[in-house]
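# Working through the structure, step by step
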Amino acid sequence: MKSPFRIAVISDEIGQDFGRACEVAALEFGMEWVELRGMWNKNILNLDAKEIAEARRVLGKYKLRVTDIASPLFKVDWPGAPKSKYSPKGGTFNADFTFDQQGEVLERSVRLAKAFQTERVRCFDFWRLDDPVPHRPAMNSKLQEAANAAAKQGIILILENEYACNTATGAEAAKTLSAVPSSAFMLNWDPGNAAARGETPYPDGYNLLPKNRIGHCHCKDIAKIADASEPAWVAMGAGAIDWAGQFASLKRDGYRYAVSLETHWRGAATPEESTRQSWAGMKQQLQKAGDLA
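Structure report, in brief.

Cut-offs and rules
- Residues numbered from 1 in each chain as written.
- Predicted model: local features only at pLDDT ≥ 70, side-chain atom pairs only at ≥ 80, totals over all residues.
- Heavy atoms only, no water.
- Helix = DSSP H or I, 4+ residues; strand = E, 2+ residues; numbered from the N terminus.
- Rg over C-alpha atoms; globule rule 2.2 N^0.38 Å.
- Contact = heavy atoms within 4.5 Å.
- Areas by Shrake-Rupley, 256 points an atom, 1.4 Å probe, with all protein chains shown as cover.
- Lys, Arg positive; Asp, Glu negative; His and termini not counted.
- Charge placed at Lys NZ, Arg CZ, Asp CG, Glu CD.
- Pairing = 2+ DSSP bridges.
- Axes fitted to C-alpha atoms, helices over the stretch in contact; angles between N-to-C directions.
- Buried < 20%, exposed > 50% of the residue type's maximum accessible area, 1.4 Å probe, protein only.
- Parallel < 35°, antiparallel > 145°, perpendicular 65-115°, else oblique.
- Left-handed = near helix turned anticlockwise from the far one by under 90°.
- Phe/Tyr/Trp six-rings, centres within 6.5 Å; stacked < 30°, edge-to-face > 60°.
- Disulfide = S-S within 2.5 Å.
- Core = buried A, V, L, I, M, F, W, Y, C linked by side-chain atoms within 4.5 Å.
- Polar contact = N/O pair within 3.5 Å; in protein donor to acceptor, adjacent residues only side chain to side chain.

Turning our attention to the overall build of the protein chain. When its secondary structure is counted, the protein chain shows ten helices and twelve strands. Against the 2.2 N^0.38 benchmark of 19 Å for 293 residues, the protein chain shows a C-alpha radius of gyration of 18 Å, consistent with a compact globule. Summarising its shape, the C-alpha atoms of the protein chain cover approximately 50 × 45 × 35 Å along the three principal directions. Within the protein chain, counting contacts between residues at least 6 apart in sequence, those at least 24 apart form 77% of the total. Accessible surface, the protein chain: about 12,000 Å² in total, of which carbon and sulfur atoms supply 48%. Taking the average place of the 37 positive charges on the side chains of the protein chain and the average place of its 36 negative ones, the gap between the two points comes to 4 Å.

See the structure below:
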C-alpha cells in the first residue's frame, strides 16, 4: 500500500492469538505496521521474556513494525479526588494497575518500546472527574514529570483523548497539551472518543489542535455524536465521523505517523470479522481522501 501514513491495526482487535492477528494484518490487510496492546489474553505489560521474544519472532516472520506500545499508563483514578464513575471494578484490556504502580508501568512501557523498536508509548489522563479543576495543576505536573522521564530514554508519550478520561475531546486535548509543553508529550488523536463525548471531532475538535503535537491517530467510528456513557461503535465509514475529511486534513497538515484501526465495534460474528469489515470501511475512507493507492 502507498500512503503518507503508517497504516496499522491494534493487533488484539483482530484476536488474542498474536500469530493469527499478524497473519491477517500483513497478508490479508496488506499492512506493514501494528500497534501492541495485548496478546495471548495478557496485557502487553505482563508479558514475560519468552513471550516478548516470541512476539518479536512473529513480527519478523510477517515483516511488521510496531507503531507504539499501547500502554495503560495513567488509566487510573486520581488520588485524593472522588472516585470516578468511569473507574472500572476490574482492569480493562487485561490491565489492572494502581496509581502507586504507575512509575513501574512507565518503566516497563519504556523497556517494551525499546524491545519492539518504537519510540512511542501511549498514556491517558486519569479516569474522568465531574470537576477536575481542583486537581488539574497536579495532574498536569504528573504528566509533565512522566514525559520528562520518558524523554531521557528517547521515548515520546502520546496522550490518548479517551471519552472516559479527563482529556476526552479535541478542546480538552488542546488545553492539556498547552499545560504540558514537553516535546516528548504528544497527542494520540482519537476522533471516535471525542465524538463519544459529544464533540464533532472533524472539523471542530481537530481544528483546535496544535497539528505539530499530533503523534498518533486511532481510527474507529460511532453511530452518532453524543455525550454517552456507553458509545455505540460501528464499522469504520458507517458512522457519524467524516473520516475522509479527517484523513485528507491530516495529510494536508503534514501528519505522517500512524493511522491505527481500533475497531471496538463487535457487530460481526467475531472480533476478527468485525475488524475485517471495519478495515474495509477504513480503506474506503482513505481512498476517498486520496491517501491510499
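Now, onward.
If you trace the eight strands once around the closed barrel, you get 1-2-5-6-7-8-9-12, paired in parallel fashion. This sheet shows a mean twist of 30 degrees between the axes of neighbouring strands, independent of strand direction. Across four bridges, the pairing between strand 1 (residues 6-10) and strand 12 (residues 258-261) is parallel. Following the sheet pairing, Arg 6 is matched in strand 12 by Ala 258.

Before going further, it helps to spend a moment on unusual backbone geometry. A cis geometry characterises the amide bond from Tyr 202 onward to Pro 203, with omega recorded as 10 degrees. Along the chain, Pro 203 turns up in helix 8 (residues 201-207). At Lys 63, a residue that is not glycine, the phi angle is positive and equals roughly 55 degrees. Notably, His 264 is not glycine yet its phi reads approximately 60 degrees, a positive angle. Tracing the backbone shows His 264 in the loop between strand 12 and helix 10 (271-288). Looking at His 264, the relative accessible area reads 22%, which means it is partly exposed.

Okay, the packing of helix 9 (residues 243-252) against helix 10 next. Direction vectors running N to C along helix 9 and helix 10 enclose 55 degrees, while the axes themselves pass 8 Å from each other. It follows from the interaxial angle that helix 9 and helix 10 lie oblique. You can see that helix 9 and helix 10 cross each other, and the crossing is right-handed. Touching Trp 243, Ala 244 and Phe 247 of helix 9 are Met 282, Gln 285, Leu 286 and Lys 288, all from helix 10.

For the rest of this paragraph, the subject is the packing of aromatic side chains. Tallied over the full model, the rule gives twelve aromatic pairs. Residues Phe 5 and Tyr 255 carry aromatic rings whose centres are separated by 5.9 Å and whose planes lie at 45 degrees to one another, so their mutual orientation is tilted. Note that Phe 5 is positioned in the segment before strand 1 and Tyr 255 in the loop between helix 9 and strand 12, a separation of 250 residues in sequence. Of the two residues, Phe 5 and Tyr 255, neither departs from the other in class, the shared state being buried. A centroid spacing of 6.4 Å and a plane angle of 70 degrees characterise the contact between Tyr 163 and Trp 233, whose relative ring orientation is edge-to-face. Placement of the pair is Tyr 163 in the loop between strand 7 (156-160) and helix 6 (170-179) and Trp 233 in strand 11 (residues 233-234), with a sequence separation of 70 residues. For the residue pair Tyr 163 and Trp 233, the accessibility class agrees, reading buried in each case.

Summed over all chains, the structure comprises zero disulfides. Looking at the unpaired Cys 165, the closest cysteine sulfur is the one in Cys 123, lying at 9.8 Å. The exposure class assigned to Cys 165 is buried, which follows from its relative accessible area of 0%.

In this section: the nonpolar core. Proteins that are soluble and globular tend to have nonpolar side chains buried together. Residues Phe 116, Leu 157, Phe 247, Val 259 and Met 282 are the most contacted members of the largest nonpolar core, which totals 90 residues. Once residues within four sequence positions are removed from consideration, Val 259 is found in contact with Phe 5, Arg 6, Ile 7, Ala 8, Cys 217, Cys 219, Phe 247, Leu 250 and Met 282.

Next up on the list: helix 9. Within helix 9, seven of the ten residues are buried, which leaves the element mostly enclosed by the surrounding structure. Residues of helix 9 that are buried include every one of Trp 243, Ala 244, Gly 245, Gln 246, Phe 247, Ser 249 and Leu 250, and no others. Count one or two residues on from helix 9 and you reach Gly 254, which has phi positive near 90 degrees.

As for its position among the elements, Asp 125 is in the loop between strand 6 (120-123) and helix 5 (136-151). A residue is classified by how much of its surface remains accessible, and Asp 125, at 0% relative accessible area, is buried. Within the structure, Asp 125 has its side chain in polar contact with the side chain of Arg 136 (distance 2.7 Å). Dropping the residues within four chain positions of it, Asp 125 is found in contact with Phe 74, Arg 136, Met 139, Leu 143, Leu 159, Cys 165, Asn 166, Thr 167 and Thr 176.

For helix 2 (residues 18-28), the full list of buried residues reads Phe 18, Ala 21, Cys 22, Val 24, Ala 25 and Ala 26. In this structure, the buried residues of helix 2 make contact with strand 1, helix 1 (11-14), strand 2 (33-36), strand 3 (38-39), helix 3 (49-61) and helix 10. Regarding helix 2, its N-cap is Asp 17, as a side-chain oxygen of that residue lies 3.1 Å from the backbone nitrogen of Gly 19 further along. Gly 30 lies just past helix 2 and shows a positive phi near 75 degrees.

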